[in-house]
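# Summary of structural features
Residues per chain, in single letters:
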Amino acid sequence: MAESGVRVEGNALLLGEGAQVRFMRTLRLPETGTHNLPPGLGEFPLRRVEDYPDTVPADWLAKGGVMLPVYLREAMWLSFGGTREPTALQVGVGKVCAVSGERWTGRLGRRPQNYLVLPRQPWLDGINSGTGTVRQFVAVPLGLGATVEGQVTGEETAGGVQLQAFPLGAKALARWRDEERERARTARAPRVGGLPYGTLPPGGHPGGYGGGGYGAAPGMPVPPPMAAPAPGGPPGAPAAPAASAAGPLRRSGGGPVPQAAPAMGLGVGGSMRQEVYRDDRKAKDWASEPAARVFVHLVTPPAWRRITGEEPPPSPVDRAAYTKAGLPWFDYYDEGGADLAPSDPLGQVRPVGEWLGADEAPWAEPAPGQIAPLGNGPRPGKPVQDGDW
């Protein structure tokens, strides 16, 4: 099987030489209204499919890639903190582009744009479905028609998540590196206030939007750890995600015949305020061939236990209890970013509650003091007027 240009480091995917992706657990939003960014609550554990040749389904081995455990109706977001160099990242949900709503393709497209620009795009919580908003990624089984794939294409055959990364071309990359060296040489003091292009706020997305989660603002209370590590994983790999200490985060032959595993994909949940940024580079700046691609299989907790021998992470955190405890939600703003127009196909995708039944979980709106601003938008406090000197 050919190398994909992807490496696994802990629970992070390293795509080519520049991009890094982590899959983050989070609170599932109500399917009505538009909300602030929910917190990250630790990373989904990642395992290479090839490490379990005796227990994964044969078609998974053929596709290769990685797998992660997810509960029915559990929400997730993708963190790109740790990305070192500009990358055009395609994100597919059941081989439907999460940005444009078009079918998966091996090429970058600009009309409509079918990729994210990293590190300008610090994270992605869902499909591009409205002006300045996305609809949250929510896990559902294939076969009901509830996935994005099923609603856009009329069939459910792929499932999972697909990632493909294009680096800058040689000339554009050399130019960018020269600019970075000059920026580093002329820097004399850390910038205070707004964040420069391509950087993330401390801690990243709410509860760690940076190195692996949304990251709470300093002084914010934190929830208790979600679970202790479970035994049985590959050496050095954490078995169960936990909230950050700094704040909540945003075959070998002869084996038994592998059992079929339930196929899982991504549908959509509630809407939140989040922009998907337009690319301001020239199309020719990007390489014509991807540096890396990977298929991410979504596994039910029972299948995860059977395949890996590990306990899956604990069930998702109750959002009402989280909010009532006074823990933070987040609002991100980038005044220099241009939002992509909403995708017509993705704008028509209906939330999973319309397929699986209404969400009866309680919901408590966060108080103003619980919403922490991120990015370079207006800061808290009253403005001070100037006068004659």
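For the structure itself, consult the block above.
A short tour of the structure in this document, coming up.

## Focus on the sheet that holds strand β7 (residues 66–69)
Here we have 6 strands laid out as an open sheet, ordered β6-β7-β18-β14-β9-β10, and mixed in their pairing. The open sheet is flanked by β6 (47–48) and β10 (116–118), the only strands paired with a single partner. Contacts from helix α4 (residues 301–308) reach β6, β7 and β18 (292–299) within the one sheet, and its direction differs from that of β7 by about 125°.

## A few points about empty space enclosed by the protein
Of the voids in this model, the largest cavity is the one considered here, and its volume is about 60 Å³. In terms of lining residues, the largest cavity is bounded by Gln90, Val91, Cys97, Ser100, Glu102, Arg103, Trp104, Thr105 and Asn114.

## Some points on the pattern of salt bridges
Pairing between side chains of opposite charge can happen when their charged atoms approach one another. If you walk through the whole model with that rule in mind, you get 14 salt bridges. Notably, a salt bridge pairs Arg175 with Asp285, separated by 3.5 Å at the nearest N-O pair. Between Arg305 and Glu311 there is a salt bridge, with the nearest N and O atoms lying 3.1 Å from each other. A single network of salt bridges, built from pairs that share partners, joins Arg48, Glu50 and Asp51.

## Here we look at the packing of aromatic side chains
Using the criterion set out here, one finds 1 aromatic pair in the structure. Judged by centre distance (6.4 Å) and plane angle (70°), the ring pair of Tyr115 and Trp286 falls under edge-to-face. This pair shows no difference in class: Tyr115 is buried, exactly as Trp286 is. Lying over the aromatic face of Phe44, Arg25 brings its terminal NZ or CZ to 5.9 Å of the ring centre. The side chain of Arg120 reaches across the aromatic face of Tyr277, ending 5.4 Å from its centre.

## A word on helix α3 (residues 170–186)
With 17 residues, α3 should cover 24 Å at 1.5 Å per step; its first-to-last C-alpha distance of 25 Å lies within 8% of that length. Those residues of α3 lying buried are Ala172, Leu173 and Trp176. The buried residues of α3 all sit within an arc of 95° when viewed along its axis, so they share a single face. More than 90 degrees from the buried face of α3, the exposed residues found are Ala170, Lys171, Arg181 and Arg185.

## A few points about the environment of Trp123
One can find Trp123 in strand β11 (residues 123–124). Separated by 102 residues in sequence, Trp123 and Val21 have C-alpha atoms that sit 8.9 Å apart.

Rules used in this analysis
Residues numbered from 1 in each chain as written. Predicted model: local features only at pLDDT ≥ 70, side-chain atom pairs only at ≥ 80, totals over all residues. Heavy atoms only, no water. Pairing = 2+ DSSP bridges. Helix = DSSP H or I, 4+ residues; strand = E, 2+ residues; numbered from the N terminus. Contact = heavy atoms within 4.5 Å. Axes fitted to C-alpha atoms, helices over the stretch in contact; angles between N-to-C directions. 1 Å grid on protein atoms, 1.4 Å probe; cavity = no way out; pocket = protein on both sides within 12 Å on 5 of 7 lines; lining within 4 Å. Points joined across faces, edges and corners; volume = space filled by probe spheres on them. Salt bridge = Lys/Arg side-chain N within 4 Å of Asp/Glu carboxyl O. Phe/Tyr/Trp six-rings, centres within 6.5 Å; stacked < 30°, edge-to-face > 60°. Buried < 20%, exposed > 50% of the residue type's maximum accessible area, 1.4 Å probe, protein only. Lys NZ or Arg CZ within 6 Å of the ring centre and 35° of its normal. Expected span 1.5 Å × (residues − 1). Arc of directions from axis to C-beta.

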